[in-house]
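Structural overview for review
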Amino acid sequence: MESIFGLVGDGFAVVAADTSAVHSILVHKSNEDKIMVLDSHKLVAASGEPGDRVQFTEYIQKNVALYQFRNGIPLTTAAAANFTRGELATALRKNPYMVNILMAGFDKEAGASLYYIDYIATLHKVEKGAFGYGSYFALSLMDRHYHSGMSVEEAIDLVDKCIIEIRSRLVVAPPNFVIKIVDKDGARGYAWRESIRDAGVAAA
Amino acid sequence: MSITEYNGSALVAMVGKNCFAIASDRRLGVQLQTVATDFKRISQVHDRLFIGLSGIRGSCFGTSCTSFPVIAGLGDEDKPFICTMDSIGAKELAKDFVVAGTASESLYGACEAMFKPDMVTERSPISCTLLSLCEPEELFETVSQALLSSVDRDCLSGWGGHVFVV
C-alpha cells in the first residue's frame, strides 16, 4: 500500500513518497515517481489508484499552468489546494477520483505550507501529514520529533527516521522512497532512498 | 461506520440572556486516525450570525450534503436564536440549547444537566466585592464544561474546543 508523508520546516516544505508501482502481488517497478512538480514552487505528492493518480494530478497541473498563462501570475498554494479540493468534490458524487494528495508549496507572503487533501475532498492546512499504512508510523514519529522551524537537516533526518520505520515495521513495506523539497528557490527533487535497485537490462 | 461519523465532530449552541454561545471541538480525523487538532468547524457569517457544520467535511455545498448545521445568531432587540438541522433540512428550533455531531448524545446529557435560563456573559459586580474570586462568565463556562465533558466520552471528537460568545 502506498505511503506518502510530508512536513513544513523553516522556510521550506518537504514531502516523501514510496516508489513502488504494484498490481496485486506483482511489483511492476520500484522507481515510480509519485511526487509531481506542479509548478515552479509547488509539489503534489499523490497516492491512490494509479490511473486516477496520474490523470488527476496532470489535470490539476495543466489547469494551474493555464491560469498562469491567462493571468500572468501563478496561483498561490492555498488557491491551488482549494481548486484541487473543488475538483475532487465535484467529481465525488458522479465519478470519484480515488487519489489522496499532500500539496506542498512556497509563496512569498505565506511562506511554506502543506495541505492535506483526501479522496473525499477533505482539505486542511497542516504542519505534518501522511497517507497510507505508512501514516500509522510516520505520523507518530512526526508527533514525537517534529517542532516548528526545523532546519533542512533536521527535517530530512526525521523523514529518514520515518522511512526506516516504515521499511522495518510494515509487512509489505515499499523498499524505495523519493524525497522532494520546496523553498524560496523553487520545487525540486532532493534525494532517492533506494534499498532495491532495478537491475538494468543486459545488453544483447 | 457511517459516513457522518467519518471525520468526527461535536457542536453545541446555547442561549443566554440577550446573548448566545456556540462551541465546537477541534479534531479532524479519518475514522480512527487523527489528522489535525486545530480544525475550525464554526464559520462567521456576519457579526451576529455563526454557523457550525458537523458531519462529513468533504461534502460539496449546494448538493445533498451529509452535514448537520448548527446555526446561532442574534435577532431583533438582541434576541438570541439557535437551531440545528438534519442532512435534509428538518429544523429543530430550541429555546435553550442545540447539539450536533458524533458526541451529540453525551452533549444532550451534559447540557440538560448544566443549562440554566438567562445565563450572563458579564461578570457579576456584587460577588467581586465580597469574595476575592470574581464570578466567571456563566454562559461561557457552562458551554465549555458541557463540551469538554461530552467529548471526553467520544473517541472521534475532542482535542480542545473553540467557543464563540456573542
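Above this text sits the structure in question.
The rules behind each value
- Residues numbered from 1 in each chain as written.
- Chains lettered and ligands numbered in written order.
- Predicted model: local features only at pLDDT ≥ 70, side-chain atom pairs only at ≥ 80, totals over all residues.
- Heavy atoms only, no water.
- Helix = DSSP H or I, 4+ residues; strand = E, 2+ residues; numbered from the N terminus.
- Buried < 20%, exposed > 50% of the residue type's maximum accessible area, 1.4 Å probe, protein only.
- Areas by Shrake-Rupley, 256 points an atom, 1.4 Å probe, with all protein chains shown as cover.
- Lys, Arg positive; Asp, Glu negative; His and termini not counted.
- Charge placed at Lys NZ, Arg CZ, Asp CG, Glu CD.
- Expected span 1.5 Å × (residues − 1).
- Arc of directions from axis to C-beta.
- Contact = heavy atoms within 4.5 Å.
- Buried area = accessible area lost by both parts, 1.4 Å probe.
- Salt bridge = Lys/Arg side-chain N within 4 Å of Asp/Glu carboxyl O.
- Polar contact = N/O pair within 3.5 Å; in protein donor to acceptor, adjacent residues only side chain to side chain.
- Nonpolar A, V, L, I, M, F, W, Y, C, P; charged D, E, K, R; others polar.
- Pairing = 2+ DSSP bridges.
- Axes fitted to C-alpha atoms, helices over the stretch in contact; angles between N-to-C directions.
- Left-handed = near helix turned anticlockwise from the far one by under 90°.
- Core = buried A, V, L, I, M, F, W, Y, C linked by side-chain atoms within 4.5 Å.

What follows is about the overall build of chain A. Per the secondary structure count, chain A includes four helices and 12 strands. For chain A, the C-alpha atoms occupy an extent of roughly 50 × 40 × 40 Å along the three principal directions. Considering chain A as a whole, with its 204 residues, one finds that 51% of them fall into the buried category. Of the roughly 10,000 Å² of accessible surface on chain A, a fraction of 53% belongs to carbon and sulfur atoms. Positive and negative charge centroids in chain A, built from 21 and 24 side chains respectively, lie 2 Å apart.

All names here are of chain A. Taking 1.5 Å as the rise per residue, helix H1 (residues 50–71) with 22 residues should run 32 Å; its terminal C-alpha atoms sit 32 Å apart, in good agreement. Those residues of H1 that sit buried are Asp52, Arg53, Phe56, Thr57, Ile60, Gln61 and Val64. Each buried residue of H1 lies within a common arc of 150 degrees when the element is viewed along its axis, so the set occupies one face. Of the exposed residues in H1, those oriented more than 90 degrees away from the buried face are Gly51, Lys62, Phe69 and Arg70. Buried positions along H1 lie against strand E5 (35–39), strand E6 (42–48), helix H2 (77–92) and strand E7 (99–107). Looking one or two places after H1, you find Gly72, whose phi comes out positive at around 80 degrees.

Think of interface size as the accessible area that goes away when the parts come together; that is how it is often given. Across the contact, 19 residues belong to chain B and 16 residues belong to chain A. Here chain B and chain A share an interface that buries about 1,300 Å² over both sides, 55% of which is from carbon and sulfur atoms. The interface formed by chain B and chain A holds zero salt bridges in total. Where chain B meets chain A, there are two residue pairs in polar contact (both at pLDDT 80 or more). Put simply, the parts of the chain that give the side of chain B that touches chain A at least two residues each are strand E3 (28–30) and strand E4 (33–36) of chain B. With four residues, the top contributor of residues to the side of chain B that touches chain A is E4(B). Here the residues of the side of chain B that touches chain A sort into 10 nonpolar, seven polar and two charged.

Our next topic: the sheet that holds strand E9 (residues 91–93) of chain B. Residue and element names in this part refer to chain B. Strand order in the open sheet formed by five strands is E5-E6-E7-E8-E9, and the pairing between neighbours is antiparallel. With partners counted over all chains shown, the strands left at the sheet margins are strand E5 (42–46) and E9, one partner each. Each strand axis lies, on average, 20 degrees off the axis of its neighbour in the sheet, ignoring direction. With four bridges joining them, E5 and strand E6 (residues 49–55) adopt antiparallel strand pairing. Note on E6: the bridge partner recorded for Gln44 is Phe50.

We now examine helix H3 (residues 138–151) of chain B. Residues and elements named next belong to chain B. End to end, H3 covers 20 Å across 14 residues, agreeing with the expected 20 Å (1.5 Å per residue, within 8%). Looking only at H3, the buried set comprises Glu138, Leu139, Thr142, Val143, Ser144, Ala146, Leu147, Ser150 and Val151. Those residues of H3 that are buried lie in contact with strand E1 (10–15), strand E2 (20–25), helix H1 (104–114) and strand E11 (161–165).

Before going further, it helps to spend a moment on the packing of H1(B) against H3(B). All names here are of chain B. Two elements in contact, H1 and H3, have axes separated by 9 Å at closest approach and are oriented at 145 degrees. Seen from above, H1 lies across H3 with right-handed handedness. Residue-level inspection shows Ser106, Leu107, Ala110, Cys111 and Met114 of H1 in contact with H3, the latter providing Thr142, Gln145, Ala146, Leu147, Ser149 and Ser150.

With that settled, consider unusual backbone geometry. With a phi close to 55 degrees, B:Asn18 is a non-glycine residue in the positive phi region. For B:Asn18, the position within the fold is in the loop between E1 and E2.

With that settled, consider the pattern of salt bridges. Counted under the stated rule, the structure contains 14 salt bridges over all chains. Here A:Arg193 makes a salt bridge to A:Asp160, at a shortest N to O gap of 2.6 Å. One end of the pair, A:Arg193, is in strand E12 (residues 186–193); the other, A:Asp160, is in helix H4 (residues 152–169), and 33 residues separate them in sequence. Residue A:Arg193 is classed as partly exposed on the basis of its relative accessible area of 24%. Here B:Glu138 ties to B:Lys116 by a salt bridge, and the two come within 2.4 Å at their closest N and O atoms. You can see B:Glu138 sitting in helix H3 and its partner B:Lys116 sitting in the loop between H1 and helix H2 (125–130), a full 22 residues away along the chain. Look at B:Lys116 and you get partly exposed, because its relative accessible area is 43%.

Right, let's get into the pairing of E7(A). Residues and elements named next belong to chain A. Most of E7 sits inside the fold, with nine of its nine residues counted as buried. The sheet contact formed by E6 and E7 spans seven bridges and is antiparallel. Counterpart to Ala46 in the pairing with E7 is Ile101. Taken together, the seven bridges between E7 and strand E8 (residues 111–117) define a ladder with antiparallel strand orientation. The residue of E8 that forms the bridge with Met103 is Tyr115. The turn linking E7 back onto E8 is made up of three residues.

Residues and elements named next belong to chain A. Phe5, Leu7, Val14, Met142 and Val159 are the most contacted members of the largest nonpolar core, which totals 51 residues. Element by element, the count of residues in this core is highest for H4, at seven residues. The residues contacting Val159, other than those within four sequence positions of it, are Phe5, Leu7, Val14, Ala16 and Ile179.

Geometric descriptors of this kind do not, in isolation, establish any biological role.
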